[in-house]
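# Commentary on secondary and tertiary structure
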Amino acid sequence: MSETVKVNLGDRSYNISIGRNLPVGTSLKSEQNVKAMIVSDSSVTPFYGLKCQKALQAQGIESTITPVPAGEASKNIQCAAMLYEKALECGLDRGSIIVALGGGMVGDLAGFVAATFLRGIRFIQVPTTLLAMVDSSVGGKTGVNLPKGKNLIGAFHQPIEVVADLDTLSTLPAREYISGLAEVVKYGVIWDRTFFEKIENNIQNILDRHPDILEQIIKRCCEIKAEIVAMDEKELGVRAILNFGHTIGHCVESLSGYGKYLHGEAVAIGMAYAGKLSVSEKNFAPDDCNRMIHLLSGLGLPTSIKENKPDWNNLNSTMLKDKKGRNNKPKFVLAEKLGSVLFGCEIPTETIKHLWLEEKCNQ
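Presented here is a report on the structure given in the accompanying data block. (Residues numbered from 1 in each chain as written. Predicted model: local features only at pLDDT ≥ 70, side-chain atom pairs only at ≥ 80, totals over all residues. Heavy atoms only, no water.)

Turning our eyes to something else, we now look at the overall build of the chain. Within the chain, the secondary structure is distributed over 13 helices and 11 strands. Over its C-alpha trace the chain gives a radius of gyration of 20 Å, about what one expects of a compact globule, namely 21 Å for 363 residues. When the backbone C-alpha atoms are referred to their principal axes, the chain occupies close to 60 × 40 × 35 Å. Here the chain holds 363 residues, and the buried ones make up 56% of them. For the chain, long-range pairs separated by at least 24 residues make up 76% of all intrachain contacts whose partners lie at least 6 apart in sequence. Roughly 15000 Å² of accessible area belongs to the chain as shown, and the carbon and sulfur atoms make up 49% of that amount. Looking at the chain, you have 40 positive and 40 negative side-chain charges, and the mean spots of the two groups are 4 Å apart. (Helix = DSSP H or I, 4+ residues; strand = E, 2+ residues; numbered from the N terminus. Rg over C-alpha atoms; globule rule 2.2 N^0.38 Å. Buried < 20%, exposed > 50% of the residue type's maximum accessible area, 1.4 Å probe, protein only. Contact = heavy atoms within 4.5 Å. Areas by Shrake-Rupley, 256 points an atom, 1.4 Å probe, with all protein chains shown as cover. Lys, Arg positive; Asp, Glu negative; His and termini not counted. Charge placed at Lys NZ, Arg CZ, Asp CG, Glu CD.)

Following this line, the structure appears as structure tokens:
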């Protein structure tokens, strides 16, 4: 049994397949002599590299596997340059495809290479982490990091299909799995209060990776993201709400050294901070803010930095470089109520600073 969610973008529309033991490359089955390069990471390749190759071969697609070191540190321009060289060695041309097999780092990196190699070739997302399934594999954002910030180099480049095979979650380490739950909670806060309540009522089943609830939450997250992306593909408006928790979250990742906090962990910290800002700036109900923080904590996610917290000057400097900002001012997504948020919110610097320092004093 599998589910399909469509991302409606005209001639760039594609399907997200959600299920188990899914085929890969079905959108190419009518083509002949298609070459593929599978980009994976050193943790995923031993588990799923050969399986992905066989799935592509079943569609008549011959492929090679190019692994990169696991971890966010690989999402850089040097790794992208290495993949360009490998693509040439594999004989990829403008009719070829790149397959991103792995988590969000692999999807962003491989997607960026696909967007820029030969001025753009097709690619397929095969996410193997919860975070990638519900968020980064959908919507066409690709990119690499610079030392001074996340995703500062990138392009919008939609995949031709997304294959979310739930079997891959069975080998996902607990910390990686829990990290992905931050993005799951985010969808409830920004778009769907009923979905938020469903997460609240199924915490243990979610933590136990119960197959039915897992399929349901992944499908709902993909539906929400597909709807938002169809409304605003290039993040010129409403798509910005998907950045709830990311303004501070990206700073936490960058300032702590990529890898100390997983992306979802940093986003959870950013969501808690954004929630508190929402209480003071947008009349977000304190009880709802506490519900959100309690849910994040109940799922095993951090909601504050307990040690080695970045000082204010470094945080502020990093925020000013954030790609979501305008006119040298950071922008926040803030909550009005559960299920509804506002984007593009400018907050007085002193307000941001006061809350950051207040939290530091209370640790």
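After presenting the structure, the write-up continues.
Spatially, 7 strands are ordered S1-S2-S9-S6-S5-S3-S4 in an open sheet, and the strand pairing comes out mixed. A single partner strand is all that each edge strand has here, and the edge strands are strand S1 (3-7) and strand S4 (62-68). When strand polarity is set aside, the average angle formed by the axes of neighbouring strands in this sheet is 20 degrees. Looking at chain direction, S1 and strand S2 (residues 14-19) are connected through 5 bridges and run antiparallel. Residue pairing across strands places Val7 opposite Tyr14, the latter belonging to S2. Helix H1 (residues 45-57) contacts strand S3 (35-41), S4, strand S5 (97-102) and strand S9 (161-165) of the sheet and is inclined by roughly 160 degrees relative to S4. (Pairing = 2+ DSSP bridges. Axes fitted to C-alpha atoms, helices over the stretch in contact; angles between N-to-C directions.)

Right, let's get into helix H11 (residues 286-298). Over its 13 residues, H11 extends 18 Å from the first C-alpha to the last, a length consistent with the 18 Å expected when each residue adds 1.5 Å. Among the residues making up H11, those that are buried are Asp288, Cys289, Met292, Ile293, Leu295 and Leu296. In a view along the axis of H11, the buried residues occupy a sector of 160 degrees, so they form one face of it. With respect to the buried face of H11, the exposed residues turned more than 90 degrees away are Pro286, Asp287 and His294. The inward-facing, buried residues of H11 contact helix H5 (174-190), helix H6 (193-200), helix H7 (203-207) and helix H10 (263-282). Phi for Gly300, located one or two positions after H11, is positive at around 90 degrees. (Expected span 1.5 Å × (residues − 1). Arc of directions from axis to C-beta.)

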